[in-house]
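For reference, the chains in residue letters:
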Amino acid sequence: MARILLIEDDQVLGDALMRSLEQAGYTVDWARDGITADTALKDGVYDLALLDLGLPRLHGFEVLRRLRARNNHLPALVMTARDSLEDRIAGLDLGADDYVLKPFHIPELLARVRAHIRRAFVSPNAEITYGPLVYDTTTRLARLQDEPLNLSKRELGIMETLLLRVGKVVTKEMLVEKLCNWDETLGNNAIEVYVHRLRKKLQPHGLDISTVRGLGYLLDKRDD
Ligand code: CA
């Protein structure tokens with residue numbers, strides 16, 4: 001599960017992006033001006049920033065410059081006007097990873113978002129395999145021993161978060177951060193319930209979610 005900061009002051013485009021990104025399974029926060037974006041990037045734990053340049057209160061270039069000045073290597077995808085070659089060059093020089101030209105087709109944007117997020121994690125491939133589990137990050141469909149695995153939205157979010165960080169302990173706080181945007185909350189108890197349900201679906205197939213006491217969770221292959 002990945003969390004994205006959308007930085008865009010245009011209401012119509014912002015609405016459309018928010019909807020599409022959420023539909024694609026991302027947790028999304030929407031900052032409508034440069035100062036809000038700068039603050040969110042300082043405090044938040046994001047996997048990607050999607051950045052417009054012409055923003056109220058603080059220009060997108062300045063948001064990007066400050067982000068990189070803090071030594072933050074968060075993937076940043078800049079949305080820029082088609083005719084503005086200078087903006088594109090300046091954006092890349094300031095540390096943008098990529099840009100999309102406005103007006104763009106949302107499926108193309110989503111493909112680029114997926115590519116950048118994948119690159120930041122374990123696998124450059126669309127499909128991640130872990131033991132009997134095969135997960136397609138594009139369609140967000142999981143198969144266990146070649147049978148479709150049916151998961152609720154939250155279960156899927158937790159599984160994805162654990163799978164993308166295989167071998168590392170994932171804390172409850174991180175799960176909440178990945179699963180909830182600014183308008184949502186999830187308590188630790190709720191996380192425990194979702195993990196319990198997911199574990200019950202994985203265990204018969206030789207996978208487990210280990211609890212590392214006081215720390216968090218770890219996706220595990222059972223040796224039997
Ligand atoms: Ca704008």
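Everything that follows concerns the structure shown earlier in this document.
## A few points about the packing of helix α2 (residues 34-43) against helix α3 (residues 60-69)
In step 1: The contact between α2 and α3 brings their axes to 9 Å, and the two run at 15°. Taken as axis vectors, α2 and α3 run roughly parallel relative to one another. Seen from above, α2 lies across α3 with right-handed handedness. In this structure, α2 contributes Gly34, Ala37, Asp38 and Leu41 to the contact, and α3 contributes Val63, Arg66 and Leu67.
In step 2: A per-class count over the contact of α2 with α3 returns four nonpolar, one polar and two charged.

## A look at empty space enclosed by the protein
In step 1: Going through the model one piece at a time under the given rule, you end up with one cavity of 30 Å³ or more.
In step 2: Counted as a void, the largest cavity has a volume near 30 Å³.
In step 3: Taken together, Ile7, Leu41, Ala49, Leu51, Val63, Leu64, Leu67 and Ala76 form the lining of the largest cavity.
In step 4: Listed by contribution, the elements that provide at least two residues to the lining of the largest cavity are β3 (48-52) and α3.
In step 5: Among the elements that line the lining of the largest cavity, the one with the most residues is α3, at three residues.

## Digging into the coordination of the calcium ion
In step 1: Looking at the metal site, the calcium ion is ligated by Asp9 (OD), Asp52 (OD) and Gly54 (O), spaced 2.2 to 2.4 Å from it.
In step 2: Counting residues between consecutive donors of the calcium ion along the chain gives the motif D-x42-D-x1-G.
In step 3: Taking relative accessible area as the criterion, Asp52 reaches 7% and is therefore assigned buried.

## Some words on helix α6 (residues 153-163)
In step 1: Of all 11 residues making up α6, 10 are buried, and the element is well covered by its neighbours.
In step 2: All of the buried residues in α6 are Arg154, Glu155, Leu156, Gly157, Ile158, Met159, Glu160, Thr161, Leu162 and Leu163.

## Let's talk about the side chain of Glu155
In step 1: Tracing the backbone through its elements, the reader meets Glu155 in helix α6.
In step 2: For Glu155, a relative accessible area of 3% corresponds to the buried category.
In step 3: Glu155 has contacts with Asn150, Tyr194, Arg197, Leu198 and Lys201, leaving out every residue within four places of it along the chain.

## Some points on the pattern of salt bridges
In step 1: In this structure the tally under the stated criterion is 20 salt bridges.
In step 2: Close ionic contact of Arg68 with Asp97 constitutes a salt bridge, the shortest N to O distance being 3.1 Å. Taken as a pair, Arg68 in helix α3 and Asp97 in the loop between α4 (85-93) and β5 (98-102) lie far apart in primary sequence, 29 residues in all.
In step 3: Overlapping salt bridges, with partners in common, bring together Asp38, Lys42, Glu62, Arg65, Arg66 and Arg70 in one network.

## Details of the packing of helix α7 (residues 172-179) against helix α8 (residues 188-202)
In step 1: Where α7 meets α8, the axes come as close as 10 Å, and the angle between the chain directions of the two elements is 90°. Our classification of the angle between α7 and α8 gives roughly perpendicular. Where α7 abuts α8, its residues Lys172, Leu175 and Val176 lie against Asn188, Ile191, Glu192 and Val195.
In step 2: Considering only residue class, the contact of α7 with α8 consists of four nonpolar, one polar and two charged.

Calculation rules
Residues numbered from 1 in each chain as written. Predicted model: local features only at pLDDT ≥ 70, side-chain atom pairs only at ≥ 80, totals over all residues. Heavy atoms only, no water. Axes fitted to C-alpha atoms, helices over the stretch in contact; angles between N-to-C directions. Helix = DSSP H or I, 4+ residues; strand = E, 2+ residues; numbered from the N terminus. Parallel < 35°, antiparallel > 145°, perpendicular 65-115°, else oblique. Left-handed = near helix turned anticlockwise from the far one by under 90°. Contact = heavy atoms within 4.5 Å. Nonpolar A, V, L, I, M, F, W, Y, C, P; charged D, E, K, R; others polar. 1 Å grid on protein atoms, 1.4 Å probe; cavity = no way out; pocket = protein on both sides within 12 Å on 5 of 7 lines; lining within 4 Å. Points joined across faces, edges and corners; volume = space filled by probe spheres on them. Donors = N, O, S within 2.8 Å, 3.2 Å for Na, K, Ca; no water. Buried < 20%, exposed > 50% of the residue type's maximum accessible area, 1.4 Å probe, protein only. Salt bridge = Lys/Arg side-chain N within 4 Å of Asp/Glu carboxyl O.

Treat this as a map of the structure, not an account of what it does.
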